[in-house]
Amino acid sequence: MTQSERTMIELPDHVDVAIVGGGFAGLGMAIELKKAGRTDFVVLERDDEVGGTWHRNTYPGCQCDVPSNLYSFSFALNPEWSQTFALQPEIGAYLTRLADDYGLRPWIRTGVAVEDAAWDEQARRWHVRTSAGTLTARVLVAGMGALSEPAIPSIPGADRFEGPAFHTAHWRRDVDLAGKRVAVIGTGASAVQVVPRIQPQVDKLSVFQRTPPWIMPHPGRPTRPRERALFRALPPLQKLVRGATYWGREGYVLPFRFHRLSRIPQRMALKHLEAQVPDSVLRERLTPRYEIGCKRILMSDEYFPALQQPNAELVTDAIAEITPTGVRTADGVEHPADAIVWGTGFRVTDMPYVEWLRGCDGRTLGDTWREQGVQALRGTTVAGFPNLFMLVGPNTLLGHNSIVFIIESQLAYVMDALRTLDARGAAACDARPEAQAAFNDVVQRRMRGTVWTQGGCASWYLDSHGRNTTLWPGTSWSFRRVTRRFDAAEYELLPQVAVPAGALAEIC
Ligand SMILES: Cc1cc2nc3c(=O)[nH]c(=O)nc-3n(C[C@H](O)[C@H](O)[C@H](O)COP(=O)(O)OP(=O)(O)OC[C@H]3O[C@@H](n4cnc5c(N)ncnc54)[C@H](O)[C@@H]3O)c2cc1C
């Protein structure tokens, strides 16, 4: 962004609520605030359009892995999904449409990256520094996403590669892969989606696998015109189908919670592998050595067939270095490549924002979590960070159901918090450390015996201490129960203070 573009973005001096991020979470928060008549807010989004994950990830084949009828807001059902598991452009369009339909545009500032936020104890407000100027806010809602910071492993020589090299989350439309030799590094969710899309175009495809993923048959299909017409005419019917899908998926949590049950889905995935990969040597290399569910379960009917095409190879030797013209593996073989696609996932347990969020003792969230471990009260608030509400915070992601259900639970919790503060005449709330610790103890106790900690894998769910600080260890319904009410007894409520207009109190 140029300096003149930057100065053209008008930021309010002060708002009641500043929302960072314009994905499902940030937009959902804005909608709830507006519905409640709380119009003193702003949405700060660093990208040039809202949508978050679904604006940023434009790689071919990008698709949700939860049925779209469920992977959408309960208050904004979409009868028009063209597939039961929609592709990225359709989900992105759904989210931008929400911004328009709910009249949120005047509140949204795109192209604004939040660079620093510090709690000012005297003034009981957040000082927020952005790429377009500063503002203050009584409440800060962090909707920065759990999978929004691409991770690229540091491999020797990567900076000397002469061709284009890009992450799936930064897909280069200007790079035509047709007829090229392409190295895809990583075999996680995005790689498994992109490989079948690019394999037919490229001259040679080398897929570098460190750990094979478990892959289930894909249940998706195009929706029928009659189905869409029915949903359009009868919204309660769509709700009913959504409810059935939701409760069906809640049952999927059992093999995760009680890892011995994971043998059942594991058998299904093995059958899928056997049916799709007749070559026993290749099949062996594609067979995971950990329990299903320990890493995110993937779904594809096209990935294994793509790998078996004459122009494709699966490379399982460790990568030793990137050379100017390809990838050299530990066995000394150089795999020539004209382009590299990093399908290496996201920084989840070391998000950069933790280093710029500073609480009332001036400590960063990163310092706090390094000392205590990553944790929050009810996945949403953190002791020492008053009036900070984290959407999709610690231990809120799901392996079995829609994160949008979790986000809606958190939105209701935040709205209840705001109502409680108003009713008590309080300016701010700060989670009591003992309440947070007690909550976190229960979460980590429930984590024992789950496939995520017992399944024999190292996954992005785990932090550097091997603790799962990412996923919710139960049904999504149980998360809704623990967030159904804002319990003021779990918080210290801070009274209002008079701040002279324009005065910037000292940051504590
Ligand atoms: C390829 C892909 C597929 C996925 N598929 C599924 C799925 O099928 N089912 C599922 O449940 N989940 C899926 N996920 C997880 C997905 O991220 C969540 O479902 C959901 O989109 C999260 O919404 P969010 O608003 O919390 O975060 P995001 O969608 O990531 O939005 C966060 C926003 O915050 C912005 N932001 C971040 N930092 C700043 C800053 N400093 N200043 C300003 N703005 C900032 C980002 O630009 C982004 O727009 C997928 C993720 C990826 C990457």
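Residues numbered from 1 in each chain as written. Predicted model: local features only at pLDDT ≥ 70, side-chain atom pairs only at ≥ 80, totals over all residues. Heavy atoms only, no water.

(A) A look at helix α5 (residues 189-198). Within α5, 8 of the 10 residues are buried, which leaves the element mostly enclosed by the surrounding structure. Taken as a whole, α5 has its buried residues at Ser 190, Ala 191, Val 192, Gln 193, Val 194, Val 195, Pro 196 and Ile 198. If you follow the buried residues of α5, they end up packed against β8 (181-185), β9 (204-208), β10 (215-216), β11 (298-299) and α11 (303-307). (Buried < 20%, exposed > 50% of the residue type's maximum accessible area, 1.4 Å probe, protein only. Helix = DSSP H or I, 4+ residues; strand = E, 2+ residues; numbered from the N terminus. Contact = heavy atoms within 4.5 Å.)

(B) Fine view of the packing of aromatic side chains. Tallied over the entire structure, the rule returns 22 aromatic pairs. Centre to centre, the rings of Phe 41 and Trp 107 are 5.5 Å apart; their planes meet at 15°, and the pair counts as stacked. In this pair, Phe 41 is assigned in strand β2 (residues 41-45) and Trp 107 in the loop between α4 (88-101) and β3 (108-110), connecting sequence segments 66 residues apart. Overall, the relative accessible area of 4% leaves Phe 41 in the buried class. With a centroid separation of 5.7 Å and 75° between ring planes, the pair formed by Trp 54 and Tyr 71 is classed as edge-to-face. In this pair, Trp 54 sits in helix α3 (residues 53-56) while Tyr 71 sits in the loop between α3 and α4, placing the two residues 17 residues apart along the sequence. Of the two residues, Trp 54 and Tyr 71, neither departs from the other in class, the shared state being buried. (Phe/Tyr/Trp six-rings, centres within 6.5 Å; stacked < 30°, edge-to-face > 60°.)

(C) Fine view of the packing of helix α6 (residues 225-233) against helix α7 (residues 235-250). Remark: α6 packs on α7, axes separated minimally by 5 Å, with the N-to-C direction vectors making an angle of 110°. As far as their axial angle goes, α7 and α6 are roughly perpendicular. Where α6 abuts α7, its residues Leu 230, Phe 231, Arg 232 and Ala 233 lie against Pro 235, Leu 237, Gln 238 and Val 241. Within the contact of α6 with α7, the residues separate by chemical class into 6 nonpolar, 1 polar and 1 charged. (Axes fitted to C-alpha atoms, helices over the stretch in contact; angles between N-to-C directions. Parallel < 35°, antiparallel > 145°, perpendicular 65-115°, else oblique. Nonpolar A, V, L, I, M, F, W, Y, C, P; charged D, E, K, R; others polar.)

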